[in-house]
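# Structural description and commentary
In case you want the letters, here they are:
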Amino acid sequence: MRSPLLPTLALAATLAFPAFAGDDSAKKANGIKVVCASNGKDGSRAVQGTDLIIEAGDKVTDAVAVDGNVIIRKGAKVDDAVAIRGRVIVESGARVTGDAVSMGGEVRVHNGARVDGSAVALGGKLTVDKDGLIDGDRISLSFEIGGKDLLRGFIEDALDEETGCHIIDEDDDKDDDHGGNSSHKDV
């Protein structure tokens, strides 16, 4: 049986890892915004620097946004949704069959939306409309001093001003060893 949150957090950590290892002296001060996107063969989607919008009729395994929002539209279905320094928004008529997690942002469940697992907002707020449904735990952890959320500040400091994106699809890299095309890309 699949552990619902572990693969999603692993995907999020993979996207965020370069920020943790980055050297401040190597960062560019030219204000370039880096946007990266990846669609996995297993049905997962991940973006960095932009919003990830799951449209009506889409079925996604894991939806991950770093420095962007995960927006799940009416009629869309997502197993797990994670936003780092962004919001998870489950619109009316949308469904998350696993967990909805935001680190440094809000989890918002609109009227008529459903989260079968837990809704977790670390360093942000959990907002559930009157007719929004969460079957699992409702967790909101925020600690403010002087109007600044300390957990959100920690997350922002850890991911501050990442200037590169490195996404590798291991299956494509194996094909590359045999003359195929690779999706390995540094931005």
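To be clear, the structure that these remarks concern was listed above.
Below you will find a few notes about this structure. Just so it is clear, the structure is predicted and the values come from calculations on it, not from any experiment. (Residues numbered from 1 in each chain as written. Predicted model: local features only at pLDDT ≥ 70, side-chain atom pairs only at ≥ 80, totals over all residues. Heavy atoms only, no water.)

## Looking at the overall build of the protein
Threshold: Only DSSP runs of H or I with at least four residues qualify as helices, and only runs of E with at least two residues qualify as strands; both kinds are numbered from the N terminus onward. Three exposure classes are used, based on accessible area relative to the maximum for each residue type with a 1.4 Å probe and protein chains only: buried under 20%, partly exposed in between, and exposed over 50%. Residue contacts are counted whenever heavy atoms from the two residues lie within 4.5 Å of one another. The Shrake-Rupley method, run with a 1.4 Å probe, gives the accessible areas here. Residue values count only the displayed protein chains as cover.
Within the protein, the secondary structure is distributed over 3 helices and 19 strands. Of all 187 residues assigned to the protein, the portion counted as buried reaches 39%. The long-range share in the protein, meaning contacts at least 24 apart out of those at least 6 apart in sequence, stands at 22%. Accessible surface computed for the protein: about 10,100 Å², of which carbon and sulfur atoms make up 51%.

## Details of the pattern of salt bridges
What counts, and what does not: Should a side-chain nitrogen of Lys or Arg be within 4 Å of a carboxyl oxygen of Asp or Glu, the pair is scored as a salt bridge.
Under the definition given, this model contains 9 salt bridges. Notably, a salt bridge pairs Glu106 with Arg87, separated by 3.6 Å at the nearest N-O pair. Of this pair, Glu106 sits in the loop between strand S9 (100-103) and strand S10 (107-109) while Arg87 sits in the loop between strand S6 (77-84) and strand S7 (88-90); the two residues are 19 residues apart in sequence, bridging distant segments of the chain. Residue Glu106 is classed as buried on the basis of its relative accessible area, which comes to 17%. One network of salt bridges, in which partners are shared, links Arg95, Arg114, Asp116 and Asp135.

## Some words on the environment of Val70
Along the chain, the position of Val70 falls in strand S5 (residues 70-72). Residue Val70 is classed as buried on the basis of its relative accessible area of 0%. Sequence-wise, Val70 and Ile54 are 16 residues apart; in three dimensions their C-alpha atoms are separated by 7.6 Å.

## Considering the sheet that holds S5
Just so we agree on the cut-off: In this scheme, strands are said to pair when DSSP sees at least two bridges between them. Angles shown run from 0 to 180 degrees and are taken between the N-to-C directions of axes, each axis being a line fitted to C-alpha atoms and, for helices, limited to the stretch in contact.
In space, the 5 strands of this open sheet follow the order S3-S5-S7-S10-S13, with parallel pairing throughout. Both edges of this open sheet fall to strand S3 (52-54) and strand S13 (126-128), since each of them pairs with a single strand only. Neighbour to neighbour, the strand axes of the sheet diverge by 5 degrees on average, direction disregarded. Direction of pairing for S7 relative to S10: parallel, over a ladder of 3 bridges.

## Considering the pairing of S6
Burial runs high along S6: 6 of the 8 residues are buried. Where S6 and strand S8 (residues 95-96) come together, 2 bridges link them in parallel fashion. Of the residues in S8, the one forming a bridge with Lys77 is Arg95. Sheet topology places S6 next to S9; 4 bridges connect them, and they run parallel. Of the residues in S9, the one forming a bridge with Ala81 is Ala100.

## A few points about the nonpolar core
For clarity, the threshold we go by: Put simply, a nonpolar core is a bunch of buried Ala, Val, Leu, Ile, Met, Phe, Trp, Tyr and Cys residues held in one set by side-chain atoms that sit within 4.5 Å of each other.
Core analysis: the biggest nonpolar cluster contains 24 residues, and Ile54, Val70, Ile72, Val88 and Val90 have the highest contact counts within it. Elements represented by at least two residues in this core include exactly S3, strand S4 (59-66), S5, S6, S7, S10 and strand S12 (119-122). Val64, Val82, Ile84 and Val101 belong to the second largest nonpolar core, which has 7 residues in total.

## So, the environment of Gly57
Within the secondary structure, Gly57 is located in the loop between S3 and S4. Separated by 17 residues in the primary sequence, Gly57 and Lys74 place their C-alpha atoms 8.3 Å from one another. In this structure Gly57 touches Gly75 and Ala76, once residues within four positions along its chain are discounted.

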